[in-house]
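# Secondary and tertiary structure notes
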Amino acid sequence: MPTFIPITIYLNGNATVVKTIADAAKALEQPWPHTAKPGRLKAMRMIKECMAGHCSQYAAFGAFKAAATEQGLLRKRL
């Protein structure tokens, strides 16, 4: 499994570094501010499909990053 450029998301005030599909899957299991937002649901589906070998790891990680951005969890480095 490739390692991606790490991103940091903030859930419940805690920083979580995500750099692999496994990290993304674990982060998606945490309580998100809006659990039913379309981006999060898409990311969950794509991560699951990726882990089953049916989806590109890059597409799945991109969906995760988009979901985190949609919910304001991703902060850019200064």
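### Describing the nonpolar core
The biggest cluster of nonpolar side chains holds 23 residues, and the ones touching the most others in it are Ile 9, Val 18, Ile 21, Trp 32, Ile 47, Ala 60 and Phe 64. Only β1 (7-11), α1 (21-28), α2 (38-51) and α3 (57-70) provide two or more residues apiece to this core. Setting aside residues up to four positions removed in sequence, Trp 32 forms contacts with Ile 9, Leu 11, Ala 27, Arg 40, Phe 64, Ala 67, Ala 68, Gln 71 and Leu 73.

### Topic: unusual backbone geometry
If you check the backbone angles, Asn 12 has positive phi at about 55° while not being a glycine. Of note, Asn 12 is situated in the loop between β1 and β2 (14-18). What makes Asn 12 exposed here is its relative accessible area of 62%.

### Some points on the side chain of Arg 40
Note that Arg 40 resides in helix α2. Buried and without a salt bridge, Arg 40 has Glu 70 as its closest oppositely charged side chain, separated by 8.8 Å. At a separation of 2.7 Å, a polar atom in the side chain of Arg 40 contacts the main-chain carbonyl oxygen of Leu 28. Excluding anything up to four places from it in sequence, Arg 40 contacts Leu 28, Gln 30, Trp 32, His 34, Thr 35, Ala 67, Glu 70 and Gln 71.

Rules of the game
- Residues numbered from 1 in each chain as written.
- Predicted model: local features only at pLDDT ≥ 70, side-chain atom pairs only at ≥ 80, totals over all residues.
- Heavy atoms only, no water.
- Core = buried A, V, L, I, M, F, W, Y, C linked by side-chain atoms within 4.5 Å.
- Buried < 20%, exposed > 50% of the residue type's maximum accessible area, 1.4 Å probe, protein only.
- Helix = DSSP H or I, 4+ residues; strand = E, 2+ residues; numbered from the N terminus.
- Contact = heavy atoms within 4.5 Å.
- Lys, Arg positive; Asp, Glu negative; His and termini not counted.
- Salt bridge = Lys/Arg side-chain N within 4 Å of Asp/Glu carboxyl O.
- Polar contact = N/O pair within 3.5 Å; in protein donor to acceptor, adjacent residues only side chain to side chain.

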